[in-house]
Amino acid sequence: MTDRAHWDEVYASRPSDTLSWYQQGGGLSLEWIREIGLLPSAGIIDVGGGTSRLVDELLTAGYDDLTVLDLSRQALETARSRLGDAAGKVSWLEQDITEADLAPARFDLWHDRAVFHFLATASDRQAYVTRLHRSLRPGGWVIMATSSVAAVCR
């Protein structure tokens, strides 16, 4: 089973709110995004956003340049379905972040609540970091959580 097939099976076989990483709202990430003070037009990418409700709350807060990237088609379909018509306001990317073709200097904020944590090889971690550096605008922000550690960096 490929990683993609694995994650599609996980999201297809269990309700999102039963997954160990489920979070009812945007949590600490949303608090930090508010504290950073980004303009509503800021480009924000949620890497591994899956079925996360962070995008819902960002839309409600008025952000209008949102991208959710996830390896799992099933996770993205679940999130799009939940958002209904509002899903059209979000760019949905079904891609592996280690291979994603993201535009240079595209995002003001890179958010990752768990993807980097799952990258097991040095080459995958390097590919991730390369994409982060390439697609983050100068002066942009990174919010990254791995297991029980989280950080905000500029």
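Everything below is about the structure shown above.
Since we're looking at a predicted model, the values are computed, not measured. (Residues numbered from 1 in each chain as written. Predicted model: local features only at pLDDT ≥ 70, side-chain atom pairs only at ≥ 80, totals over all residues. Heavy atoms only, no water.)

Looking now at unusual backbone geometry. For residues other than glycine, phi is negative in most cases, and the peptide bonds are mostly trans. With phi around 50°, Ala-105 is a residue other than glycine that occupies positive phi space. Residue position: Ala-105 is located in the loop between strand 3 (90–94) and strand 4 (107–112). For Ala-105, a relative accessible area of 34% translates into the label partly exposed. (Helix = DSSP H or I, 4+ residues; strand = E, 2+ residues; numbered from the N terminus. Buried < 20%, exposed > 50% of the residue type's maximum accessible area, 1.4 Å probe, protein only.)

On to the packing of aromatic side chains, then. This model, assessed by the stated rule, comprises two aromatic pairs. Judged by centre distance (5.5 Å) and plane angle (80°), the ring pair of Trp-110 and Tyr-128 falls under edge-to-face. Residue Trp-110 is located in strand 4, and its partner Tyr-128 is located in helix 6 (residues 122–135); the two are separated by 18 residues in the primary sequence. Owing to a relative accessible area of 0%, Trp-110 belongs among the buried residues under this scheme. On the basis of an interplanar angle of 65° and a centroid distance of 5.0 Å, the ring pair of Phe-116 and Tyr-128 is categorised as edge-to-face. Here the residue Phe-116 occupies a position in helix 5 (residues 115–118), and Tyr-128 occupies one in helix 6, the gap between them amounting to twelve residues. These aromatic residues form a ring-pair network of at least three members: Trp-110, Phe-116 and Tyr-128. (Phe/Tyr/Trp six-rings, centres within 6.5 Å; stacked < 30°, edge-to-face > 60°.)

Looking now at the side chain of Asp-70. Topologically, Asp-70 is positioned in strand 2 (residues 65–70). Here the side chain of Asp-70 touches Gly-50 through a polar contact of 2.9 Å, landing on its backbone nitrogen. (Polar contact = N/O pair within 3.5 Å; in protein donor to acceptor, adjacent residues only side chain to side chain.)

Before going further, it helps to spend a moment on empty space enclosed by the protein. Counted according to the given criterion, the structure contains one cavity of 30 Å³ or more. When its volume is computed, the largest cavity comes out at roughly 40 Å³. Surrounding the largest cavity, Ile-44, Asp-46, Leu-54, Val-55, Leu-58, Leu-66, Thr-67 and Val-68 form its lining. Those elements that provide at least two residues to the lining of the largest cavity are strand 1 (43–47), helix 3 (54–60) and strand 2. Among the residues forming the lining of the largest cavity, the class breakdown is six nonpolar, one polar and one charged. (1 Å grid on protein atoms, 1.4 Å probe; cavity = no way out; pocket = protein on both sides within 12 Å on 5 of 7 lines; lining within 4 Å. Points joined across faces, edges and corners; volume = space filled by probe spheres on them. Nonpolar A, V, L, I, M, F, W, Y, C, P; charged D, E, K, R; others polar.)

Most often, soluble globular proteins have nonpolar side chains that are buried together. Counting 23 residues, the largest nonpolar core has Leu-38, Leu-58, Leu-66, Trp-92 and Leu-109 as the members making the most contacts within it. Contributions of two or more residues to this core are made by helix 2 (27–36), helix 3, strand 2, helix 4 (73–83), strand 3 and strand 5 (136–146). Aside from chain neighbours lying at most four places away, what touches Leu-66 is Ile-44, Val-55, Leu-58, Leu-59, Lys-89, Val-90 and Ser-91. Membership of the second largest hydrophobic core comes to 16 residues, among which are Leu-93, Leu-102, Val-115 and Leu-132. (Core = buried A, V, L, I, M, F, W, Y, C linked by side-chain atoms within 4.5 Å. Contact = heavy atoms within 4.5 Å.)

Everything listed here is a matter of geometry and, on its own, says nothing about what the molecule does.
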